[in-house]
Amino acid sequence: MRYEGDIYRPPSEAYSLLVQATIGCTHNKCTFCKMFKDKKFRVRKLEEVIEDLEWARKTYRRVERIFLCDADALALSNSRLMPILSHIRENFPECERTTIYGRATDVLHKTDEEMRELYETGLTMVYLGAESGNDKVLKDICKGETREELIEGVKRIEACGMQASVTFISGLAGKDGWEAHAIDTGTMISEMEPSYVGLLTLLVDPSVPMAKEIEEGRLRLLSPEEVMAETLLMLEHTNVSKKCVFRSNHASNYVSLRGDLPRDKEKMMNTLRKAMENHDMFKDERFRAL
């Protein structure tokens, strides 16, 4: 298997076959992210992708999951994605799911028919970083997408039969904007109703633009107690009508939360309340990681 640069994948794809359909990120401007800063976006040649898949078929007896990298391979046109998905379907009959990173704007650039075509050819889930439900925060971090676009993108993913796994970042608005960030993120989840939500906690690499904001005092980071209060407020404003798997158990999080919304909402909120009273529940800063 040939890889170019560092490879990133969602935690739930730890045991998946990772195949680069694209290199880098089409946007690559988010102020908190360093993942693809050393790459210039380009589309891999189809024959290279097929060669990698054929190598994997000869090498591995069973491949139950495949994840298409890099940052937003969903930016590919259907004419480029469909041959890859068709090859997977024909040559990996045991594969239970094929997933991909995407941006809401990637989805909005496709028709409903194109999204359905991808689903029917085997694409089962799109991982999407929303980061925040607040338009000011999205603008401040140079996300390049609006609240409305993010909601509509996720709705269209779910409507075509796929599942959406959406990531948010607690602490992203700092001390000055945490309440709006929390409330608007909660209401965004309520509106988009994704199948999965992942909540990370802000951890800034010294090389990213946001680090300078922190150094200059323009962004004041939340304490662990304030992160708990923000997450609690977010859950208070999250009201979904269908099952949403909620995870806040990333290496960056101070307290691990696992549950299904709306069923486990109160249980998770109680965990946060206990943590606000018992700081021994917080993960030590030494063990937090991106």
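A few points on the structure.

**Observations regarding the packing of helix 2 (residues 78-91) against helix 4 (residues 112-120)**
Helices that pack against each other are described as a pair by the angle of their axes relative to one another and the distance between those axes. Close contact between helix 2 and helix 4 brings their axes to 9 Å; oriented N to C, the two are set at 20°. As judged from the angle between their axes, helix 2 and helix 4 are roughly parallel. Read as a crossing pair, helix 2 and helix 4 show a hand that is left-handed. Contact residues: helix 2 offers Asn 78, Leu 81, Met 82, Leu 85 and Arg 89, while helix 4 offers Glu 114, Glu 117, Leu 118 and Glu 120. Grouping the constituent residues of the contact of helix 2 with helix 4 by class yields 4 nonpolar, 1 polar and 4 charged.

**Quick notes on the pairing of strand 8 (residues 196-201)**
It is a general feature of regular strands that their side chains alternate between the two faces of the sheet. In this sheet, strand 8 lies alongside strand 7 (residues 163-170) in parallel orientation, the contact comprising 6 bridges. Note that in strand 8 the partner of Ile 169 across the bridge is Leu 200. As paired elements, strand 8 and strand 9 (residues 244-248) share 3 bridges and run parallel to each other. Of the residues in strand 9, the one forming a bridge with Tyr 196 is Val 245.

**With respect to the nonpolar core**
Core analysis: the largest hydrophobic core is formed by 64 residues, its most contacted members being Leu 53, Ile 66, Leu 68, Phe 168 and Phe 246. The residues contacting Leu 68, other than those within four sequence positions of it, are Val 19, Ala 73, Leu 81, Ile 84, Leu 85, Ile 88, Thr 98, Thr 99, Ile 100 and Tyr 101. If you look at the next biggest cluster of nonpolar residues, it comprises 13 residues, including Phe 32, Cys 33, Leu 172 and Ala 173.

How each quantity is defined
- Residues numbered from 1 in each chain as written.
- Predicted model: local features only at pLDDT ≥ 70, side-chain atom pairs only at ≥ 80, totals over all residues.
- Heavy atoms only, no water.
- Axes fitted to C-alpha atoms, helices over the stretch in contact; angles between N-to-C directions.
- Helix = DSSP H or I, 4+ residues; strand = E, 2+ residues; numbered from the N terminus.
- Parallel < 35°, antiparallel > 145°, perpendicular 65-115°, else oblique.
- Left-handed = near helix turned anticlockwise from the far one by under 90°.
- Contact = heavy atoms within 4.5 Å.
- Nonpolar A, V, L, I, M, F, W, Y, C, P; charged D, E, K, R; others polar.
- Pairing = 2+ DSSP bridges.
- Core = buried A, V, L, I, M, F, W, Y, C linked by side-chain atoms within 4.5 Å.
- Buried < 20%, exposed > 50% of the residue type's maximum accessible area, 1.4 Å probe, protein only.

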